Each structure stands twice: as C-alpha cells, then as structure tokens.
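Close look at the chain arrangement
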Amino acid sequence: MADNNSVVNLEATLRTKFECPVCFKYMIPPIRLCLSGHIYCDYCFEKIRKCALCRANKSAYRCIVLEQIYAMLTFPCKYAEHGCNFVGKGDIMTTHQDYCEYSSAFCPLRFNRCQWKGMRSEMVTHCNDIHADNTFFVTEQKLKVTNFCNLMDRNYFIIFYVYDNLFRCVWDIKQDTGVMRFAVYSLCLQNSDKLFSYRISVLFEGADVISLEGPCFHMNDDNMRFLDKKYLSTNYNMIRDFCDTNGDINYTINIIKK
Ligand SMILES: [Zn+2]
Ligand SMILES: [Zn+2]
Ligand SMILES: [Zn+2]
Ligand SMILES: [Zn+2]
C-alpha cells in the first residue's frame, strides 16, 4: 500500500500535468486538445490558431479523463499571489475562484455609470462609500420613487448585503408598454433560490396594498440586468393608483431567509 508521503508526491506530480503550456496556470475544465493530444486551458486554446507545441490543428474534443482527475486533486487558488490562502479540490476551486475575495470585480451598481474596478473584498465598502443611497445592510428597507405619477423609462439598482451575501435588486418600467419588472438576485451564493426569497410591498397611507414575492435566483454573470423569465412583472397602471399626494410611490423590499 502506498504510504502518505508517496500519495502527496503523486498528487504534486499530477498537478504539474495541469499547467497550461501557454500561460503556465493550472487548467480548469474545459481542457482542450490539439489533434496530437497536447492540452490547453480554454482561454489560451481560443487564442492559438494551431498547437503551440507541434503545430497540429486544434481538435473539437475535450480531455474528459483529465477533467475528472482535476475534480479529485487539490489546487491552490489562482489568486494565491494576491494573498488568497484557499486550497481545495478542483471542483470546489472552480466556484471559489469565481467569487474569491482577491479576484477583481466591477462595481455591482455600474449600471448607474460607475467605472469602479477593484478587489472583490472591497466591493461592498465601495458601494457604501459611493452609492450610500442604494446600499443597505438590513433585510427590510422602505424606499420611495419620486414623481412616479409621470410614466417614463426608469431603471433602479439597489444592493443589499445581508445574511453574509450580496443581493442586487433591480426594477424597471418601459414607458411605451407600461410593463414593470422586478427582481432580487444573489450575486455570489449559488442555489440561492432555495434559501432566500424577496417581497416587494407597495404602501398606501401606511398599509401594504400590493405584495409580490419571488425567489432570489443566483445571477452568475452580473453584467445582466434580468435573468430570462426569472422576475416579477406588473403593470404601471396598477401601481400608479397608490401614489401619495406628491405623486410619489412608497414601497418596501424584504429579503427573507427561508
Ligand atoms: Zn493557458
Ligand atoms: Zn500539439
Ligand atoms: Zn481565492
Ligand atoms: Zn460603484
């Protein structure tokens, strides 16, 4: 039987087989192939015209066995040189790296014309400093839309950092159709629709008059505003009736842990 030391050595040797010959980083699936069998990370493979090692053409196949071994081996996080100490099995690492706090991220409120880019760990602090009006740390927040009585195109983005998770609330109105869409998405945690839901309640004279509830789906690509068919929808005319005497709409957003 192999002793512990030789297992560790075997793992280390196997790990070197995952270094991409172009960028020297560890390959994460999909692992791509040239027609003679040389392997590349997906990113580099898309950039080369022919195999950089043997000039063979590129193959349409993936190296499935190596991808399976990847899931069983332990790797350091690719942001280790930026300070991340996380080490984990390949399949866990793929998810970790997408949301590693040492990875770089764009402002989650960039649709409000913010150009910020920085370390993911500084994202919430940035929002709180620069977008304080749209950043909340409570599970229930009362909000107001001024001049709602005027139908026009509107887009709102609001961040909630609660339950150790980042949520982005988005809603819009289209002036030509009067269609309103509303959603709260989890920007980090996956399977969030099983764990969290949200409720939007329109207030009139202090009481809830309309409440809509939906699951907080996970949004993988946070460049999206909405996920297809994963939002609530209503019509402007239904909400307009509840404007206060100034023409404003008052509403609350609740993020609920199931
Ligand atoms: Zn590469
Ligand atoms: Zn080759
Ligand atoms: Zn990391
Ligand atoms: Zn920003």
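Residues numbered from 1 in each chain as written. Chains lettered and ligands numbered in written order. Predicted model: local features only at pLDDT ≥ 70, side-chain atom pairs only at ≥ 80, totals over all residues.

The line we're drawing: UniProt positions are given in the numbering used here, feature names are shortened, and annotations may be inferred rather than shown by experiment.
The protein is annotated in an unreviewed UniProt entry as RING-type E3 ubiquitin transferase of Phyllotreta striolata. The UniProt entry for the protein carries the following comment under Pathway (unreviewed entry): "Protein modification; protein ubiquitination." As stated in UniProt under Catalytic activity (unreviewed entry), the record for the protein gives "S-ubiquitinyl-[E2 ubiquitin-conjugating enzyme]-L-cysteine + [acceptor protein]-L-lysine = [E2 ubiquitin-conjugating enzyme]-L-cysteine + N(6)-ubiquitinyl-[acceptor protein]-L-lysine."

Section: the sheet that holds strand β11 (residues 165-173)
Our working definition: At least two bridges found by DSSP between two strands is the condition for calling them paired. Note on conventions: DSSP H or I runs of at least 4 residues are helices, E runs of at least 2 residues are strands, and numbering of each starts at the N terminus.
Strand order in this open sheet of five strands is β8-β10-β11-β12-β15, and the pairing throughout is mixed. In this open sheet, the two edge strands, each paired with only one partner strand, are β8 (135-136) and β15 (232-235). Here strand β10 (residues 154-162) runs beside β11; their pairing, made up of nine bridges, is antiparallel. Across the sheet, Asn-155 pairs through a bridge with Asp-172, a residue of β11.

Some details on unusual backbone geometry
Negative phi values dominate among residues other than glycine, just as trans dominates among peptide bonds. Of the consecutive residues Pro-29 and Pro-30, the connecting peptide bond is found in the cis state with omega at 5°. Mapped onto the elements of the fold, Pro-30 is located in the loop between α1 (4-16) and β1 (31-34). A positive phi angle, close to 50°, is found at Tyr-163, a residue other than glycine. Looking at the secondary structure, you find Tyr-163 in the loop between β10 and β11.

Points about the environment of Asp-222
Threshold: Backbone-placed C-beta atoms define the burial measure: a residue is buried with 20 or more other C-beta atoms within 10 Å of its own, exposed with 12 or fewer, and partly exposed in between. Our contact criterion uses C-beta atoms placed from the backbone: two residues qualify when those atoms are within 7 Å.
Structurally, Asp-222 is set in the loop between β14 (207-215) and β15. Owing to 16 C-beta atoms within 10 Å, Asp-222 belongs among the partly exposed residues under this scheme. C-alpha of Asp-222 to C-alpha of Ile-253: the two residues are 31 residues apart in sequence and 20 Å apart in space. Excluding its chain neighbours within four sequence positions, the residues that come into contact with Asp-222 are Pro-108 and Leu-187.

Observations regarding the sheet that holds strand β13 (residues 196-204)
Cut-off, in case you're wondering: Note on geometry: axes are C-alpha line fits, over the in-contact stretch for helices, and angles between N-to-C directions span 0 to 180 degrees.
The four strands lie next to each other as β9-β16-β13-β14, forming an open sheet whose pairing is antiparallel. Edge strands, defined here as strands with exactly one partner in the open sheet, are β9 (140-145) and β14. The mean angle between the axes of side-by-side strands here comes to 20°, regardless of whether they run parallel or antiparallel. Relative to strand β16 (residues 249-257), β9 is paired through six bridges, and the arrangement is antiparallel.

Observations regarding the UniProt feature "domain: SIAH-type" (unreviewed entry) in the protein
Mapped onto the present numbering, the UniProt feature "domain: SIAH-type" (unreviewed entry) falls on residues 72-132. Secondary structure over residues 72-132 splits into 31% helix and 20% strand, and the C-alpha atoms at its two ends are 43 Å apart.

Some words on the pairing of β11
As consecutive antiparallel partners, β10 and β11 are separated by two residues, and within that stretch Tyr-163 has a phi angle of approximately 50°, a positive value. Summarising the sheet, β11 and strand β12 (residues 179-186) pair through seven bridges and their orientation is antiparallel. For Val-170, the partnering residue across the bridge sits in β12 and is Ala-183. Between β11 and β12, which pair antiparallel and follow one another directly, the connecting turn spans five residues, one of which, Gly-178, has a positive phi of 75°.

What about the domain arrangement of the protein?
How we decide: Where each domain starts and ends follows an automatic or database-derived domain assignment.
Domains assigned within the protein are domain 1 (4-72) and domain 2 (132-257). Taking only C-alpha atoms into account, the centre of domain 1 sits 44 Å from that of domain 2.

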